[in-house]
Structures are given as C-alpha cells and as structure tokens.
Amino acid sequence: MNPLQSVGLKLFVYIIGGILACVLTMGILAYNESKKIIETKVSQSSQQTITQLAVNLDNVMKKYDDITLQILVDSAFHELVDTLQSSTLGEYEKFEATKELSNKLQSIIFGNDNIAGMALIPVNNDQLSIITAGNSQLSKVESLLEEPWIEQVQELGGRTLWLDSRANSLTSNNTMPSFGVARLLKNTSSSVAHYILLLDIPTKGILDELNKVSLGEGSQISVVNEDHNFMVHGDSASIATPAAFALDGSEHNSVSQSIEGIGDVLLIHHKLAFASWYLVGSIPVEELVKDAIVIRTLTVQVAIAAALIAILIAIIVMLTIGKPLIQLRDLMQEGAKGNLTVRSKIRKRKDEIGQLSDSFDQMMTQITNLAVQTKTSADAVLTTASVLTDASKKTAISAKEIAVATEEIANGSTSLAVEAERGNDITLAINDQMKQVLASNEQMVQSAYEVEQASGKGTAYMAELIDKTGQTEEMTREMVTKVDALKDSTRSIVQILDVLNAVTKQTNILSLNATIEASRAGSAGRGFMVVANEIRELADQSTQSIDVVGQITGRIQNEIVETVEVLSRAYPMFQEQIHSVKEANHIFVNVQQQMGRLIAKLEEVMSSVKALEASQNVLNEAMSNVSAVAQQSSATSEEVASLSAEQLNVSDNLVLLSTELSQVSTALKETLSQFKV
C-alpha cells in the first residue's frame, strides 16, 4: 500500500470513527438517562407500595401478638394453671383443668384460620405436662424443648419472641412451612410463670397478603430475617435458605444491586415493626428499562447508516483527491531523478488540484532554464580557474625564497634579544627576591612584637584561670556536700512512703471488714457499704499514688548516687587541671623572654638587607638598557619576517583557492550533466 493510499485509509477510518463515536455517545447518554429516570420513579412508587404492605403485615402479626397477650392477661387461664399446680386436688380435677385449657386454645384456633396449632410448654416444672391444640402433636413439641429459643423466651420476661420460619410445620408433621410466636405466660398477680405459649402459624397467610401486591412483571416480594434467610417466599423450597442479595441494615431503602445469575435488580425493603424481619421487593432492572432499549437499538441502526455514508464519502474523496495526488507524486519522483522534461497532464480542473498541477509545470520550466544557465557559467569559471592557478604557483615560489632570507636575519636578532632579556629577568628576579626578604623580615619583626604581647596577655589570662579553677574546686566540694544531704532527705521520704503504704493497707483491710459487716446487716447497712466501698477505692488510689511516688523517689536516689560518683571522679581532674595551668603559665613567661632576644637579631638582619638592596638597584638599571636595545633590533627583524611569512601564506592560500575553484567547477559540470534538458 503506497503512502497516499494509507492517508486515504486513515482519513476514511477517522471519518467513520468520528461519526460513530458521536452517534453512539448520544444514544448511550439518552439510554442511561432514561434508565436512571425509570429506576428513580419505579423506586419511589415501589417504596410506597412496600411501606403500605409492611403496615398490613404488621397488622396481621399484631393479631397474633394480641392473641398471646389475651391469654397472658386471662385470669381464668391462670386459675386453671394454679389448679394443675395444686397438691390438694385429685387427678380428676387436674384432668378437667387440662381439658378446659385445651378447649380454650382450641376455641382460639377455630376463631383464626391462619393458626395451625398451639402448645403450652411447662417451664422447669415436672408436675405440669405439655398441652397441645389444633394440629400440634405432642412428640413434635417435645423435640423443641432442647432448642435455644426456650431460654430466650424466659429471658424476655413476658415479651413476644418471633421464631424464624422453617421448611416444615413447627409443631406438627405437616410439610407446609410455618413460623412461631412464643411468649412466657407470667401470672400478673404472683409474677410466676409456669407455661410458655407457642403459636404455630403457616407462612401461607403472610404469602397470601404478599400475592395481593405486584410491583411489576418479573418482580418478587418476600420476607427475610436479619441473617438474610427467607422467612416467607413464593417457593416453599427457598424457606430458611440464604437470599442472593444483601441489605444495608437500615429501616427502609431502595438500592440497585447486581445478583449473580439474575443480573441488575432494584431492591426495596422495609423493616417490620413486630418481628426483626424485612419485607423485600425485587424488580429486574431489565424489565424496567425494556422500553428504553428501543433507544439503544435505534442508536445502533443510526450508527450503521452513518458508517455506510462515511464509506461512500471516503471513496469519493479517494477518487477525486487521492488519485491526482498520486500522479503528481510520481512526476516529482521523476524530476528528483534528473528528468526535467516531465510535465503534468491534469488540465481541465480549476480547483486546488488543478492549481497545484499548473504550479508544478511552472516550477519544472524554471528549474530547466536555471540548469542551462548554470552549465554555461560553470564552463567559464573552469577556464578562469586554470589561468589563476598557474599565476598563483609562480607567486608562491618567489615568496618562499624571500621568507627564508628574512627568517635568517630575524633569528640572529632574536637570539641577542633573548640573551639580554634573560639577563634583565635574572636581575629583576634578584631584585624581587630582595624585596621579598625585606618584607618578610619586617613581617617577622612585627610578628615577634605581637607574639611578645600575646605572651604577656597569656600570662595574665593563665593567672586569672588559676583563680577561677580554684573557685570551681570549692564549688564542687560544696555540691558534693549538698548532694549527700539530698540523699539523706530522699531516704527520709522513702521511710515516710513506707508508713503511708502501711496505713493504706490497714485502711483497705478496715474497708473490707466494714463491707462484710454491712452485708451482714442487710438493707440497713447498704449506705455504710457504699461508704466502705468508696474508702476502699480511695485506699487503692492512695496505694497506686504511693507506688508512683516511690518509683520517682527511687529514680531520684539513683540519680543522686550517680551524681556523687561523677563529682568524686571530677575532683581529682580539677586538681590536675590546676597543676597543668600553672605549668602553662611558666611556659608563657619563658616564651616572652626568648621573643625579646629574637627581635634584636631581626633588627640587625634588616640593616644588612637594606644595604644589599641599594647595590641591586644599580645593576638592574644597567641590564635594562641592554635589554631595550636588543628588543628593538629583534622587533624590527621579526616584523620583516612576519611580512614575508604573511606574503607566503597569501600565495599558498591563493594556490589552494585556485585548485578548489577548479574542483568545484568540474563537480558542478558533472552534476549538471545528469539533468535531461
């Protein structure tokens, strides 16, 4: 594929991609916005429906709660239970009481079709037996006695406990799923409970209420517990199994959730008032937005149509623009190879392509004329370069002979100037060294004076340092004495803390004895027991505080001991320091005396150096005169040699330029010969 064809293909791809991107973007945005609006509206309406349905379920469950409450406050019921508890009555009276209790339960079942069975379960009483009514069976109820909800009902102390739904009946061999309502029947007069009331309620009644409401096609309403297990569901096999979704624990909410195997689902839940259950409605999002899918389908169709239109436009562009550009490219490649006779055959077009063709023909005509003119000029330059080369060679030979003679004269003058310069340099170097010696001598004298003064100051400073070191030694002795006194004080504090600790222990023992006596005294000693407990707490706090203070005092004692050891080690060092300072003071006095003798010797050296400097100045002046004459002669010879060398260089450059001009003319002629004119 040639480059222009690849450009056309890229243009084609860009056009199609741009159109498809715009169409798909608008379609997807419209689809997403429609989907969001539909979900919001359905969520709001469904939340109201679920809330109303939850109110209805609460009313249904309240009936069951009222039934248990009715039995709880029934005095006749408790009288019959007391009859069963009586030890003075015979077996017949107890049988009649049991039968009457069963009849009471049976009458309640007859009055409510949604109760499958009822049972009275005795609480920690071997004298009472289980009483059943309705479909409840004694063997099935006995199997429930070991379940943990029995203890939970007793801990609630008379409040209702809702038992989770089971796949089969709770108190019978029926295979219908059911849930239970249990309450401890505590006698209101004696606050004693002998029975637990259990209602076996099929989930069918709740399911019938749920089936009265529909949230839309494909929707489902169910009841789950706090562990997200189904309590009521249209499929009885799903009862007590985990739900595929998860709730956020709020009272009511509407959220979208992706469920594996189902897809995106809109979940609406509301917590029931009586049981810790949630009424949950699920609506497939796909069903909600199936009308909005029309927008997505229309978007795809429009995108396909746009792609076909883009293909047609790209083909037209390739035929009307790409093909002429390919022809012009081929003509330019022929011209680049040296064929200046090529011309464009595009004549009838008046657009930019036609203008480009005319401009190409004009460019090739001008390049042809320029090549002819350049070839003629190159022939003339080549002839002139040959003549110039011969003249330059003769001039270069003469310049070399003049340069050799001039160089010999310049070498003699240069040697003389160099020797004179060397003598002058040596004289100047000696003069400079004498000046340096003189300056160094003056600096040594000055430094000697400064050292002498510094030695005097050092002696004074050492005397002052000796006095201050002595004072430091006295202060160190006083510090050791005070630290020893502080050590004795901390020992006294430790003794006081021991006494306080003993008092605290005695107080703790007394508070414990007081607590024991207060408990023996019963209700009359409760106030004193509170005071004793407060005293014991204060004693415990005092013990803790004393322990903390004891720890701090122990650390202080350790630090005092370490301080005494450090001061004991420092005292000999102070004495050694005083001895060293005295020796340094003696050294400073000796240095001051020796520096005085050195200053006298340096002054004698200074006088001798000044006399030598005067003689050196006379010699320096004579060597300067000789050097000046030699330098002038050398400069004249070097100037002549420089002019000769410059002339030689010019001649050489002229020869090189003539040669290069000849080479350039030849190369230009060879280059122009490649073009076909």
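All of the points below concern the structure found in this document. (Residues numbered from 1 in each chain as written. Predicted model: local features only at pLDDT ≥ 70, side-chain atom pairs only at ≥ 80, totals over all residues. Heavy atoms only, no water.)

Take the packing of aromatic side chains next. Counted by the stated rule, this structure contains three aromatic pairs. Between W162 and F179 the ring centres are 6.4 Å apart and the planes differ by 35 degrees, which places this aromatic pair in the tilted class. Of this pair, W162 sits in strand β3 (residues 161-166) while F179 is found in strand β4 (residues 178-186), placing the two residues 17 residues apart along the sequence. What makes W162 buried here is its relative accessible area of 12%. Where F179 meets W277, the ring centres are 5.4 Å apart and the plane angle is 85 degrees; that geometry is what we call edge-to-face. Placement of the pair is F179 in strand β4 and W277 in strand β10 (residues 277-284), with a sequence separation of 98 residues. W277 matches F179 in its accessibility class, with the two residues each being buried. Pairwise contacts between aromatic rings join W162, F179 and W277 into one cluster. (Phe/Tyr/Trp six-rings, centres within 6.5 Å; stacked < 30°, edge-to-face > 60°. Helix = DSSP H or I, 4+ residues; strand = E, 2+ residues; numbered from the N terminus. Buried < 20%, exposed > 50% of the residue type's maximum accessible area, 1.4 Å probe, protein only.)

Moving on, we come to the environment of G17. Its location among the elements puts G17 in helix α1 (residues 3-72). By relative accessible area, G17 is classed as partly exposed at 34%.

This part takes up the sheet that holds β10. The five strands lie next to each other as β7-β6-β10-β9-β8, forming an open sheet whose pairing is antiparallel. Each edge of the open sheet is held by one strand with a lone partner, namely β7 (230-232) and β8 (252-259). Ignoring which end each strand starts from, the neighbouring axes of this sheet average 35 degrees apart. Of the strand pairs in this sheet, β8 and strand β9 (residues 263-271) are connected by eight bridges, and their pairing is antiparallel. Considered in β9, the bridge of H252 is made with H270. (Pairing = 2+ DSSP bridges. Axes fitted to C-alpha atoms, helices over the stretch in contact; angles between N-to-C directions.)

On the surface, a nonpolar cluster with roughly 560 Å² of combined accessible area is contributed by V300, I304, L308, I311, I315 and L319. Within the fold, L319 resides in helix α8 (residues 293-336). (Patch = residues over 30% accessible without salt bridge, like charges linked within 9 Å, V, L, I, M, F, W, Y side chains within 5 Å. Areas by Shrake-Rupley, 256 points an atom, 1.4 Å probe, with all protein chains shown as cover. Salt bridge = Lys/Arg side-chain N within 4 Å of Asp/Glu carboxyl O.)

Our focus in this paragraph is the packing of helix α2 (residues 75-85) against helix α3 (residues 91-110). Running from N to C, α2 and α3 cross one another at 150 degrees; their axes reach a closest spacing of 9 Å. On the basis of the axis angle, α2 is roughly antiparallel to α3. Considering only the axes of α2 and α3, their crossing is left-handed. Residues A76, F77, L80, V81, T83 and L84 of α2 pack against E93, K94, A97, T98, E100, L101 and K104 of α3. (Parallel < 35°, antiparallel > 145°, perpendicular 65-115°, else oblique. Left-handed = near helix turned anticlockwise from the far one by under 90°. Contact = heavy atoms within 4.5 Å.)

Here we take up the layout of surface pockets. Where empty space is left becomes clear once a probe the size of a water molecule has been rolled over the atoms. Counted as a void, the largest pocket has a volume near 380 Å³. In this structure, the largest pocket is lined by 16 residues; those nearest its centre are Q152, L161, W162, L163 and D164. Counting residues per element, the ones that place at least two in the lining of the largest pocket are α5 (149-156) and β3. With five residues, the top contributor of residues to the lining of the largest pocket is β3. Among the residues forming the lining of the largest pocket, the class breakdown is eight nonpolar, three polar and five charged. (1 Å grid on protein atoms, 1.4 Å probe; cavity = no way out; pocket = protein on both sides within 12 Å on 5 of 7 lines; lining within 4 Å. Points joined across faces, edges and corners; volume = space filled by probe spheres on them. Nonpolar A, V, L, I, M, F, W, Y, C, P; charged D, E, K, R; others polar.)

With that out of the way, let us pick up α2. Since the α-helix packs 3.6 residues into each turn, any two residues three or four apart lie on the same face. Taken as a whole, α2 has its buried residues at F77, H78, L80, V81 and L84. End-on, the buried residues of α2 take up no more than an arc of 155 degrees, which puts them together on one face. Its side-chain oxygen at 3.2 Å from the backbone nitrogen of A76, D74 defines the N-terminal cap of α2. (Arc of directions from axis to C-beta. Polar contact = N/O pair within 3.5 Å; in protein donor to acceptor, adjacent residues only side chain to side chain.)

Moving on, we come to the pairing of β9. One ladder, built from seven bridges, connects β9 with β10; its direction is antiparallel. Within the sheet, the bridge partner assigned to H270 lies in β10 and is L279. Connecting β9 to the next strand, β10, in antiparallel fashion are five residues.

Another aspect to go through is the pattern of salt bridges. In this structure the tally under the stated criterion is six salt bridges. The partner of R166 in a salt bridge is E147, and the shortest N-O contact between them spans 2.5 Å. Taken together, the residues span a long stretch of sequence, with R166 in strand β3 and E147 in the loop between α4 (138-142) and α5 at a distance of 19 residues. For E147, a relative accessible area of 22% gives the class partly exposed.

By the secondary structure assignment, T68 is in helix α1. A distance of 3.0 Å separates polar atoms of two side chains, one belonging to T68 and the other to R183. Here T68 is in contact with T160, V181, R183, L185, L197 and L199, once residues within four sequence places are set aside.

Another point: the environment of T49. If you trace the backbone, T49 turns up in helix α1. The exposure class of T49 is partly exposed, given its relative accessible area of 28%. T49 sits 164 residues away from V213 along the chain, and the two C-alpha atoms are 8.0 Å apart. Aside from chain neighbours lying at most four places away, what touches T49 is V213 and L215.

In the structure shown here, the tally under the stated rule is one cavity of 30 Å³ or more. Contributing to the lining of the largest cavity are L57, M61, I206, V223, V232, L272 and W277. The class makeup of the residues in the lining of the largest cavity is seven nonpolar, no polar and no charged.

Burial in α5 covers these residues: W149, I150 and V153. Buried residues along α5 cover an arc of 110 degrees about the axis, so they all sit on one side. Exposed side of α5, more than 90 degrees from the buried face: E151 and E155 are the residues found there. Those residues of α5 that are buried lie in contact with β1 (117-122), β3, β4 and β5 (193-202). Downstream of α5 by a residue or two, G157 has a phi angle that is positive, lying close to 65 degrees.

These figures come from the coordinates and say nothing about function on their own.
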